[in-house]
Amino acid sequence: MSTTIEEEGTTMAAAETLDTPSTVANAFVQTVQSIISSTTSKATTTSAAALASTTTTSTAAPATGTTTLSTPSSSSMTEKLSVSDLSSALQHFGIVDYLVFIAMLVVCAVIGFYFGFIEKKKKKQKGQVPADEKDGPGAAGIEERRGSEALDYLVGGRKMKVFPVSLSLVASFVSGISLLGTSTEIYVYGTQYAFILITLVISGLISWYIFLPVFCNLQLTSTYEYFEKRFDRRIRIFGSCLFVLMNILWQPICIYVPALTLNQVSGISVHTIVPLTSLICIIYTSIGGIKGVVWTDVIQGAVMVGALGFVIIKGTHDLGGLAVVLERNRQFDRLVAPDMTFDPTVRMSVFALFVGGTFFKLQANSINQAAVQRFLTLPNLKAVKQALLISLIGFLLVMAMCIYIGMLAFAAYYHCDPITTGLARAKDQVIPLYVMQSAGVVPGIVGLFVAGVFSAALSSLSTELNCLSAVVLKDFVEPYRNRPLTERQTAYVLRGVVVVFGLISMASVPIVQKLGMLMQLSSTVGAITCGPLLGAFSVGMLLPFVRTESLLTGISIATTFTCYIVVRAQIAIATGQMNFHMKPVSVEDCDYSFKVYTNWNTPSSANTHDDKSHSLHEISFLWYTLIGSLGTVRCSLLATLYFGKQDVRLVDKELVSPVLHKYWYGEYESVSSDDEGQNQLKLHESLTQPKLDEMDQIPKRNQAS
């Protein structure tokens, strides 16, 4: 305990010293040297204690951490630390950790300032874009807009490179929710969720052939512009509202995750962490635009992978190798495949994972504004497909690392579950606790891990804030202006949206603290809006005979129905009416004192619901996106029986997926070009509804004449 107090004093002294610019370098060198020397001696003591405390039960990481911090003298061996004392003792976020963490935030801020000021100034000095920079297919009319504020801020002038965009996609979609949520899911429920990796490949193939070619050919800034081109403005506004709603619900979860991690390892209040880190993210996103977001994602992605890699290597070595990790997970029924059942209420069944999971991942990398906007920073479809392939490989790699860390944590705590004992105050704090105990003896590693979690979370948050600025500008501001916005007005709107929604998300974090596990909560929130939106895009690109009124009816019904299921399920979880089968845990080898409640999750007290009938809201959360999307498609088709079908020839081919061009338009392409009636139906513009109105007016004009 005295070591911890000395470290805290050193931290405060170093912080005061660093306030003077002239002594920064000396203070940094002295601090690093003192910390390394002290932690080296402490690491030696820890290793000796770990060897002495290793018994046939092999409690590994818990034993190492608790033995080091709970044995101040040999005379106190008979007394055990309480769980609260141990939790406080483990919160030793050292100076090197703080330096690593702060360095990551500073780099992000610097990148934002560079692209917001320096790079923009250089561009103005050059005057215009070189003439040899060509756009790819489908980019007609883009060249004259190349230097505009909105185009540069939102899609980087459509001239970014494949590799940084690919890394940005990985960093954005492997959020802090994925890092902690996936690992915690494996720790609590076993390896069933690991099979979701297969759905990434399936959804990638669907996106490759159906959705991305349409978006790339149209060269849109907001994906919801598609709805106005294919249907009319009503669908566009409806889709944009769903996107804004989804972000208001999801962003607080994204902010809460890293705050939870830093709280576990440092003891700093979540309510202190959230405003500080959120403001930094808001600043570099509002200033740097999409270029700042992409390049900070690259840095943050490297930090994230480096942190995960070190924890995996050291954790596996400390436990005795991969065989030990697998064996301990096998003993406690953690190495399991999805349940072979048709029961939709089973949390992780084969069909829920492979069917429902495919739809869930499909909406994330196919029609999501964040993904599409990044793809459209590239110059052509070939570059887009290359970025999709690289990002899928990177996503599979990082998700596999998260899954293995969950297995590592359980192998370390398999005889002393910190959730049951209360050492981890929330389920999603198990992984930060494990990192602190397994890698905390190495200076800066805990800071690197926390920086990795923050990197993942901030990259996702910055992405969504940038996307919100695009959607608000293109869908809620520009269509209702009689005169175009000036460059200055555009800049104010884009940055104002980032600031406003960033502050709203920051203020909503306290609500998230009262809800369930992060991964399930994130999937649940996204399903309310993303499921119906996936269905709407599918109708638009695959079923050109569906009219606007039919889709509006279908998406309204599907959204309402999905919202009911999701909200009802969250109420049931929050009130304890709905629980899930949890894997067995043990506390038989804990070497600290704690309180055991009568309903703690042992194999003998697992919750069962086999003896009662199920309600609709008790279905697996993996079905939510499928219900929303298929509900939209089916209700739209049923509404077509009332509103009727529209002529397929009234829909521009560019608005329909290329894989169905021959099916829907093959018979019309062979019509002779001198057929005047057919030529009137061969339209190249994209606004469908005005064409329908115009066709309806032709008979009236003929009668009048």
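Bear in mind that the values here come from a model prediction, so they are computed numbers and not experimental data.

Draft legend 1. View of the overall build of the protein. Within the protein, the secondary structure is distributed over 27 helices and 0 strands. Split into buried and exposed, the 705 residues of the protein put 56% on the buried side. Taking as baseline every contact in the protein between residues at least 6 positions apart, the subset at least 24 positions apart corresponds to 85%. Carbon and sulfur atoms provide 63% of the accessible area of the protein, an area that totals close to 29700 Å².

Draft legend 2. View of the state of the cysteines. Using the criterion set out here, one finds 1 disulfide in the structure. Here Cys416 pairs with Cys590 through a disulfide, and the sulfurs are 1.9 Å apart. Residues Cys416 and Cys590 are joined by a disulfide whose S-S torsion is about 115°; by sign, that bridge is right-handed. Of this pair, Cys416 sits in the loop between helix H16 (381-412) and helix H17 (418-421) while Cys590 sits in the loop between helix H23 (548-574) and helix H24 (624-643); the two residues are 174 residues apart in sequence, bridging distant segments of the chain. Each member of the pair, Cys416 as well as Cys590, carries the same accessibility label: buried.

Draft legend 3. Just the nonpolar core, in detail. In this structure, Phe211, Phe215, Tyr226, Phe227 and Phe537 are the most contacted members of the largest nonpolar core, which totals 99 residues. Those residues in contact with Phe215 that sit more than four places away from it in its chain are Leu220, Thr223, Tyr226, Ser366, Ile367, Val372, Leu376, Phe537 and Met541. The next biggest cluster of nonpolar side chains, apart from the first, holds 73 residues, and it includes Val398, Ala409, Leu423 and Ala424.

Draft legend 4. The arrangement of the packing of helix H13 (residues 322-331) against H16 in detail. Relative orientation of the contacting elements H13 and H16 amounts to 75°, with a least axis distance of 9 Å. Comparing the axis directions of H13 and H16 gives the class roughly perpendicular. Judged by residue contacts, Leu322, Val325, Leu326, Arg328 and Asn329 of H13 engage Tyr404, Met407, Leu408, Phe410 and Ala411 from H16. Of the residues contributing to the contact of H13 with H16, the split by class is 8 nonpolar, 1 polar and 1 charged.

Draft legend 5. Expanded view of a nonpolar patch on the surface. A contiguous nonpolar patch, built from Val201, Leu205, Tyr209 and Val659 and spanning about 380 Å² of accessible area, is present on the exposed surface. Mapped onto the fold, Val659 is located in the loop between H24 and helix H25 (661-669). Take Val659: its relative accessible area is 46%, and that puts it in the partly exposed class.

Draft legend 6. Seen up close, the pattern of salt bridges. Within this structure, the stated rule accounts for 12 salt bridges. Glu549 serves as the salt-bridge partner of Arg234, at 3.6 Å between the closest nitrogen and oxygen. Here Arg234 is found in helix H11 (residues 233-266), whereas its partner Glu549 is found in helix H23, with 315 residues between them in sequence. Taking relative accessible area as the criterion, Arg234 reaches 41% and is therefore assigned partly exposed. Among the ionic contacts, a cluster of salt bridges with common partners joins Glu228, Arg233, Arg236 and Asp475.

Draft legend 7. Representation of H16 within the structure. In a regular helix each residue adds 1.5 Å, so 32 residues correspond to 46 Å; H16 covers 47 Å between its end C-alpha atoms and thus fits that length. Its side-chain oxygen 3.3 Å from the backbone nitrogen of Lys382, Asn380 forms the N-cap of H16.

Draft legend 8. Focus on the confidence of the model for the protein. Mean pLDDT over the protein: 74, with 71% of residues reaching 70 or higher. Mean pLDDT in the protein bottoms out at helix H3 (residues 60-69), which sits at 35, and peaks at H24, which reaches 94. Contacts of residues 601-611 to residues separated by more than four positions or lying in other chains number 16 contacts, the stretch itself having pLDDT below 50. Long-range and interchain partners of residues 670-693, a stretch whose pLDDT sits below 50, account for 32 contacts in this model, where long-range means more than four residues apart.

Draft legend 9. Looking closely at H23. Across its 27 residues, H23 extends 39 Å between first and last C-alpha, which sits within 8% of the 39 Å expected from 1.5 Å per residue. A positive backbone phi angle near 80° is found at Gly576, which sits one or two residues after H23.

Draft legend 10. A look at the packing of aromatic side chains. Summed over the entire model, instances satisfying the criterion amount to 16 aromatic pairs. On the basis of an interplanar angle of 40° and a centroid distance of 6.2 Å, the ring pair of Tyr224 and Phe537 is categorised as tilted. Remark: Phe537 occurs in helix H22 (residues 518-542) and Tyr224 occurs in the loop between helix H9 (196-218) and helix H10 (225-230); sequence separation between them is 313 residues. Owing to a relative accessible area of 0%, Phe537 belongs among the buried residues under this scheme. Clustering of aromatic rings is evident, with ring pairs tying together Phe215, Tyr224, Tyr226, Phe227, Phe243 and Phe537. Taking the ring centre of Phe410 as reference, the NZ or CZ of Arg334 above it sits at 4.0 Å. When the ring centre of Tyr189 is taken as reference, the NZ or CZ atom of Arg347 above it lies at 4.0 Å.

Draft legend 11. Main features of the packing of H11 against helix H20 (residues 487-507). It is the contact of H11 with H20, at a shortest axis distance of 8 Å, that shows an interaxial angle of 55°. In terms of their interaxial angle, H11 and H20 are classed as oblique. The way H11 lies across H20 gives a crossing that is right-handed. Contacts between H11 and H20 involve Val244, Ile248, Gln251, Pro252 and Ile255 from the former and Phe501, Ile504, Ser505 and Met506 from the latter. Looking at the contact of H11 with H20 residue by residue, the classes come out as 7 nonpolar, 2 polar and no charged.

The rules behind each value
- Residues numbered from 1 in each chain as written.
- Predicted model: local features only at pLDDT ≥ 70, side-chain atom pairs only at ≥ 80, totals over all residues.
- Heavy atoms only, no water.
- Helix = DSSP H or I, 4+ residues; strand = E, 2+ residues; numbered from the N terminus.
- Buried < 20%, exposed > 50% of the residue type's maximum accessible area, 1.4 Å probe, protein only.
- Contact = heavy atoms within 4.5 Å.
- Areas by Shrake-Rupley, 256 points an atom, 1.4 Å probe, with all protein chains shown as cover.
- Disulfide = S-S within 2.5 Å.
- Core = buried A, V, L, I, M, F, W, Y, C linked by side-chain atoms within 4.5 Å.
- Axes fitted to C-alpha atoms, helices over the stretch in contact; angles between N-to-C directions.
- Parallel < 35°, antiparallel > 145°, perpendicular 65-115°, else oblique.
- Nonpolar A, V, L, I, M, F, W, Y, C, P; charged D, E, K, R; others polar.
- Patch = residues over 30% accessible without salt bridge, like charges linked within 9 Å, V, L, I, M, F, W, Y side chains within 5 Å.
- Salt bridge = Lys/Arg side-chain N within 4 Å of Asp/Glu carboxyl O.
- Expected span 1.5 Å × (residues − 1).
- Polar contact = N/O pair within 3.5 Å; in protein donor to acceptor, adjacent residues only side chain to side chain.
- pLDDT = per-residue confidence, 0-100.
- Phe/Tyr/Trp six-rings, centres within 6.5 Å; stacked < 30°, edge-to-face > 60°.
- Lys NZ or Arg CZ within 6 Å of the ring centre and 35° of its normal.
- Left-handed = near helix turned anticlockwise from the far one by under 90°.

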